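Listed below, chain by chain, are the residues.
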Amino acid sequence: MADAVRVLHVEDDPEFASMTAAFLSRTDDRFDVISATSASEGLTRLSEEPIDCVVSDFDMPGQDGIEFLESVRAVDEDLPFILFTGKGSEEVASEAISAGVTDYLQKQQGTDQYTILANRIANAVEQYRSQRALDASRKRLSLFIDKSPLGVIEWDESFEVVQVNEKGEEILRRGEADLVGKEFETLVPDSALDAVEETITALQEASGGYYTVLDIETGDGEQIVCEWHNRTIREDGETVAIFSQFREITERRQRQQRIEALHDTTRKLMHAESREAVAELVVETARDLLGLPLSAVFLADESADALRPAAVTDQAQAIIDEHPTFREGDSLVWEVFESGEQRVFDDVSTIPGRYNPDTDISSEILIPLGDHGVLIAASTDAAAFEDASVSLMRTLAANTEEALSRLDRQQELRTLTERHELALEGAELGVWDWNVKTDEVTFDERWADMLGYSLDELEPSADTWDELIHPEDRERTYEALNAHFDGETEIYECDHRLKTATGDYRWIRDIGKVFERDENGDPVRAVGIHQDVTDHKERKQALEDTSRKLQVILDTAPTYILMKDTDSRFLFINSAARDLYGIDADESVVGTSDYDILPDHIAEQTHADDQRALEQRETVEVETVIPVDGTERTHLTRKTPILDEGGEPYALCVVATDITEQKRRERELARLTDEYEAVFENTNDAIALVDIEDSADDPTFRYVRTNEAYERQSGFETESLTGQTPIEAAGPDTGRRIADHYERCVSAGETITFEERGLHPTGVWETQVTPIFADGEIDRLVAISRDISDRIEYREQLERQNDRLEEFASIVSHDLRNPLSVLEGSLALARDTGNDEQFDRCYRAIDRMKELIEDLLTLAREGDTVSETEPLALESTVLSCWQAVETSDATLEVTAESTIYADESRVRQLLENLINNAVTHGGPAVTVEVGDLTDSGFYVADDGGGIPAEQHETVFESGYTTTDGGTGFGLAIVKEIAAAHDWSVSVTESDDGGARFEFRGVRQEF
């Protein structure tokens, strides 16, 4: 049969084994069942013929099922092994799993158990055969790994190395033997651990591939960069394989890093303050980042029409002792400067026009810096420069040229600024005096000079002023003037443009006031001043330009950032602030104020805070409550004035942080503190707060605080404990035990719970010690204790009852299950086959159950304690029991002379069981001896074969027997009767080599 399954069934009950084989064969015709009655026979059959699955009982003479499983695993680690037993318990299941059992099935009533067993066998064999097929696939995978041109590592599910191919060993510079079993994390430096963790998590959570780039530490200590293609292969939800293909990309990464470093250098170049600083930064970059140690920058000296050395590396200085100054026509450097075209020489010694042919320089790169000079890199090796190096040098040169141009522009700007500042220093206010009735105006000389006129060129009339106003400003200016004339404003103030003598316009701040009115209230005379605010306007415009730039930069900031002018009008608001105030992204805020977006009372306070910061010229910090979406949010706001060179504020930077949650946490902390105090002082549990001094390796514990319950229950005064160590408070013995528990909590880093007697005046105490962490370190401990004496007493009583109930249930479930199964199976076979011989098997099973039930009832009765005893002559009691037992040719010797106090019926049961046990196991001619012990007890001995020393403890277990047909309860009953009398019983070897049962703690009289 192609799919035949050979099953070895090991069962010490032949009837049950036969029944099982019959039902398995009927359930699945692929099964060929081979039976064995012991573990030793099963091992013999395994060595003689191929077996696909082993089914074994647990409780068998000689080797039990677990020991048999261990023997099978020594021969074949993967062969399916099913433990099919009537004695079921968590302990047996745990041992079986630890020993490597494939499946665990407890015998049940009915014939359905055989169907379940058949399914378990079929599944186990199928998995076994699938695993063998998988092993073959793994061999093919290993061949692929070995032949791959990339480095390949196979991982187990814990991401430890299983195997590495030769290419992987070459890249990692470590042998496979050194790598196998190592975790993924051991291949990388500490800086890459997070990336490894991310990779492992991705591979664990999904099938397929995951790409990453990691720094790797090679076996020789070098750090390289590798790109990894990692893949998890799953089938039916199970992980089949995990492997990584990788290759070194260190050089590629280094090129990328050079490019990034070059970008960083560009930023530095744009902040350099002199041509010399630019040159020094360029040669440092060429040397340190581009790997070109022989570098120099020559800058143009326009006054001398020459190129002079501005910066040279130390290495270049060592080769050319004194760098020359190049002039027209005397070098290749000047040719490059003049032509504006770069030159790269693989061997400059062969090029005509070389300035200094005596140097050791062979290769050379010459790159022009526009009108500013030339960047030079050289090498003593021929053809030393790769295309990548030339490209990077070209980029560096372009950035250098831009930096030098920026310095030139800045110099021009500084010159213009200095001239402008000098003009501002001489600026004065122009004064005008206007007769409104006659339109006659008196201008002073400064007013005229401000616009480039002389007084002689200006008609002293209001028309002169009117004609000079910029057309776009005229309407706005007259509106402001008329509002003042009409009494709507206290003063007239307006910024407008006036035309100068050259036809240009200057921004003028025009401020005036009516000093005289007629009887009708109409203005008669007004006086005012003109101030040239053109520069102020330009600065304001520049500020607005800067604000737009800052808007882009600060829009991504998570905090609320605003910029205001000195009148608290917004210049810009970042995105976070727009979201706070509900302002659309495309809505302009320039010129608006807090009054446009906040309630008036909040806007008034905000404006007052702004002005305070501007007046004090220092940062002001305030807390503001702002309604947001119907909810009040608290913000911590810092308002910092921005000062010009003269120390005058011209803008205000406002940064606000939402601290609503922080405030809520502070309130919650205060509430929790109050609750903690209430719980601490009013609980019935004893609480101690303990401080930790010194290091974690050698801590010292001191009591910080204890509650009243601690004082009541421990007897210590709360105040006296403060500052004391456990040893100082409780003495060296008890204090040391307390400190040991505290040290164990610190070592574990988590809560521990322990029970102790003697730590407090009375009873059993349960203590829970919890660490308190601060900045990742354990700072203090909290110990909570309570008296659990009543709970302990109840628990111990319950455990004794549960142990007895569990033992009785185990006996019933195990020892009655086999004969019941035989009876049930035999009846089913008799019904199906009509074979009358099956009924004989039924009767034998019924007799077996009768014996078991009788002994079970005896065992159950003997478990009670003895309430009343009477004096019994041991000698006469033994002789009476001897007559009640079938002893055949056995001999009795009684040397006992004592009288014992006991329950007569139970002692008779004890003695009869021991005599029957001696005759059963010692043979018909055995000699049984009963005598007194010198230390309050008696013994029963025989001269039979004895009991091996390793079985002295197990002989008293229920169901233990070494003979066919025995119930295994005789000695268990003996132990129960002894325990009911508060006697101890033990077994040892008699003087004649047989078994000797000794009973101690017996009340006797002689």
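K.L.:
Would you take a moment to explain the overall build of the protein for this structure?
P.N.:
The secondary structure content of the protein amounts to 30 helices and 39 strands. Within the protein, residue pairs in contact and separated by at least 24 positions form 53% of the contacts whose partners lie at least 6 positions apart. Taken as a whole, the protein presents about 53,800 Å² of accessible surface, with 45% of it coming from carbon and sulfur.

K.L.:
Before we go on, may I ask you to explain helix H1 (residues 14–27) in this structure?
P.N.:
Three or four residues apart is the spacing at which side chains of an α-helix point the same way, because the helix has 3.6 residues per turn. Here H1 is 14 residues long and its end C-alpha atoms lie 20 Å apart, about the 20 Å a rise of 1.5 Å per residue gives. Burial in H1 covers these residues: Phe 16, Ala 17, Met 19, Thr 20, Ala 21, Phe 23 and Leu 24. The residue sitting at the N-terminus of H1 and contributing the capping side-chain oxygen is Asp 13; that oxygen lies 3.2 Å from the backbone nitrogen of Glu 15.

K.L.:
Please explain the pattern of salt bridges as it appears in this structure.
P.N.:
Any two side chains of opposite charge can pair, so long as their charged atoms come close to each other. All chains considered together, the criterion is met by 51 salt bridges. Across the pair Arg 343 and Glu 335 runs a salt bridge, and its minimum N-O distance is 3.8 Å. The partly exposed category is assigned to Arg 343, whose relative accessible area is 32%. Between Arg 780 and Asp 691 there is a salt bridge, with the nearest N and O atoms lying 4.0 Å from each other. Taken as a pair, Arg 780 in strand E31 (residues 777–787) and Asp 691 in strand E27 (residues 686–693) lie far apart in primary sequence, 89 residues in all. We classify Arg 780 as partly exposed; its relative accessible area is 29%. By relative accessible area, which is 22% here, Asp 691 ends up partly exposed.

K.L.:
Explain the nonpolar core to me, please; I cannot follow it from the model alone.
P.N.:
Soluble, globular proteins show a tendency: their nonpolar side chains are buried together. Core analysis: the biggest nonpolar cluster contains 36 residues, and Ile 900, Leu 911, Leu 914, Phe 938, Trp 983, Phe 997 and Phe 999 have the highest contact counts within it. Among the elements of the structure, helix H28 (874–884), strand E34 (899–902), helix H29 (904–922), strand E35 (927–933), strand E36 (937–942), helix H30 (970–980) and strand E38 (995–1000) are those that each provide at least two residues to this core. For Phe 997, the contacting residues outside a window of four places in its chain are Leu 914, Asn 917, Phe 938, Tyr 939, Val 940, Ile 947, Phe 956, Leu 971, Ser 986 and Val 987.

K.L.:
I'm lost on the pairing of strand E15 (residues 363–368) in this one. Help?
P.N.:
Moving residue by residue along a regular strand, the side chains alternate between the two faces of the sheet. Summarising burial for E15: 6 of the 6 residues are buried, a large majority. Taking every second residue as pointing to the same face, both faces of E15 are buried, with Ser 363, Ile 365 and Ile 367 on one and Glu 364, Leu 366 and Pro 368 on the other. Here E15 pairs with strand E16 (residues 373–379) via 6 bridges, running antiparallel. Considered in E16, the bridge of Leu 366 is made with Ile 376. As consecutive antiparallel partners, E15 and E16 are separated by 4 residues, and within that stretch Gly 370 has a phi angle of approximately 65°, a positive value.

K.L.:
In this structure, what is going on with the packing of helix H2 (residues 39–48) against helix H3 (residues 65–75)? I would like to understand it.
P.N.:
Two numbers describe how H2 lies on H3: the axes approach to 10 Å, and their chain directions differ by 20°. One element, H2, and the other, H3, form an angle in the roughly parallel class. Every pair of crossing elements has a handedness; the one defined by H2 and H3 is right-handed. In this structure, H2 contributes Ala 39, Gly 42, Leu 43 and Leu 46 to the contact, and H3 contributes Phe 68, Ser 71 and Val 72.

K.L.:
Looking at this structure, how should I read the sheet that holds strand E21 (residues 523–532)?
P.N.:
What holds strands together in a sheet is hydrogen bonding between their backbones, with the strands either parallel or antiparallel. If you trace the 5 strands from one edge of the open sheet to the other, you get E18-E17-E21-E20-E19, paired in antiparallel fashion. Both edges of this open sheet fall to strand E18 (440–443) and strand E19 (492–499), since each of them pairs with a single strand only. Direction aside, the axes of adjacent strands within the sheet are offset by 25° on average. In the packing of helix H16 (residues 471–485) onto the sheet, contacts are made with strand E17 (430–435), E19, strand E20 (505–517) and E21, and the angle to E19 comes to roughly 155°.

K.L.:
Could you clarify how one ought to interpret the sheet that holds strand E29 (residues 752–757) in this entry?
P.N.:
Spatial ordering of the open sheet is given by E28-E27-E31-E30-E29, a layout of 5 strands whose pairing is antiparallel. Edge positions in the open sheet fall to strand E28 (700–706) and E29, since each of these has one partner strand only. Averaged over all pairs of adjacent strands, the angle between their axes in this sheet comes to 30°, without regard to strand direction. As paired strands, E27 and E28 are joined by 6 bridges and run antiparallel to one another. By the bridge assignment, Glu 693 is partnered in E28 with Thr 700. Lying on the sheet, helix H20 (residues 660–682) is in contact with E27 and E28; it crosses E28 at an angle near 95°. Its contacts with the sheet put helix H24 (residues 732–748) on E27, E28, E29, strand E30 (764–774) and E31, and the angle it makes with E29 is roughly 165°.

K.L.:
I would appreciate a short explanation of the packing of H28 against H29 in the present structure.
P.N.:
When two helices pack together, their arrangement is given by the angle between the helix axes and the distance between those axes. Put simply, H28 and H29 touch, their axes get as near as 9 Å, and they point 55° apart. The angle between H28 and H29 places the two elements in the oblique class. Here H28 runs over H29; the crossing is right-handed. Along its contact with H28, which presents Thr 877, Val 878, Ser 880, Cys 881, Trp 882 and Ala 884, the element H29 presents Val 907, Arg 908, Leu 911, Glu 912 and Ile 915. Of the residues contributing to the contact of H28 with H29, the split by class is 7 nonpolar, 2 polar and 2 charged.

K.L.:
Just checking my understanding: could you explain the pairing of E31 for this structure?
P.N.:
Here 6 bridges tie E27 to E31, and the two strands are oriented antiparallel to one another. Among the inter-strand pairings, Val 690 is bridged to a residue of E31, identified as Leu 781. Here E30 pairs with E31 via 10 bridges, running antiparallel. Within E31, the residue paired with Val 769 across the bridge is Ala 783. Where E30 folds back on E31, the antiparallel hairpin that results is connected by 2 residues, among which Asp 775 adopts a positive phi of roughly 55°.

K.L.:
Sorry, what's going on with the side chain of Thr 887 here?
P.N.:
Along the chain, Thr 887 turns up in the loop between H28 and strand E33 (891–894). For Thr 887, a relative accessible area of 10% translates into the label buried. Each residue touching Thr 887, except ones within four places of it in the same chain, is listed here: Trp 882, Ile 915, Val 919 and Pro 924.

K.L.:
Explanation requested: the packing of aromatic side chains in the structure shown.
P.N.:
The description of two aromatic rings rests on the distance between their centres and on the angle between their planes. For the structure on display, the rule yields 17 aromatic pairs. Between Trp 228 and Phe 246 the ring centres are 4.4 Å apart and the planes differ by 15°, which places this aromatic pair in the stacked class. Of this pair, Trp 228 sits in strand E9 (residues 223–235) while Phe 246 is found in strand E10 (residues 238–248), placing the two residues 18 residues apart along the sequence. You can call Trp 228 buried: its relative accessible area is 0%. Accessibility expressed as a relative area gives 1% for Phe 246, which makes it buried. Members of the aromatic cluster, joined through ring pairs, are Trp 155, Phe 159, Phe 184, Trp 228 and Phe 246. Seen from the ring of Tyr 939, Arg 996 lies directly overhead, with NZ or CZ sitting 3.9 Å from the centre. Its end group placed over the ring of Tyr 901, Arg 1003 keeps NZ or CZ at 3.8 Å from the ring centre.

Calculation criteria
- Residues numbered from 1 in each chain as written.
- Predicted model: local features only at pLDDT ≥ 70, side-chain atom pairs only at ≥ 80, totals over all residues.
- Heavy atoms only, no water.
- Helix = DSSP H or I, 4+ residues; strand = E, 2+ residues; numbered from the N terminus.
- Contact = heavy atoms within 4.5 Å.
- Areas by Shrake-Rupley, 256 points an atom, 1.4 Å probe, with all protein chains shown as cover.
- Expected span 1.5 Å × (residues − 1).
- Buried < 20%, exposed > 50% of the residue type's maximum accessible area, 1.4 Å probe, protein only.
- Polar contact = N/O pair within 3.5 Å; in protein donor to acceptor, adjacent residues only side chain to side chain.
- Salt bridge = Lys/Arg side-chain N within 4 Å of Asp/Glu carboxyl O.
- Core = buried A, V, L, I, M, F, W, Y, C linked by side-chain atoms within 4.5 Å.
- Pairing = 2+ DSSP bridges.
- Axes fitted to C-alpha atoms, helices over the stretch in contact; angles between N-to-C directions.
- Parallel < 35°, antiparallel > 145°, perpendicular 65-115°, else oblique.
- Left-handed = near helix turned anticlockwise from the far one by under 90°.
- Nonpolar A, V, L, I, M, F, W, Y, C, P; charged D, E, K, R; others polar.
- Phe/Tyr/Trp six-rings, centres within 6.5 Å; stacked < 30°, edge-to-face > 60°.
- Lys NZ or Arg CZ within 6 Å of the ring centre and 35° of its normal.

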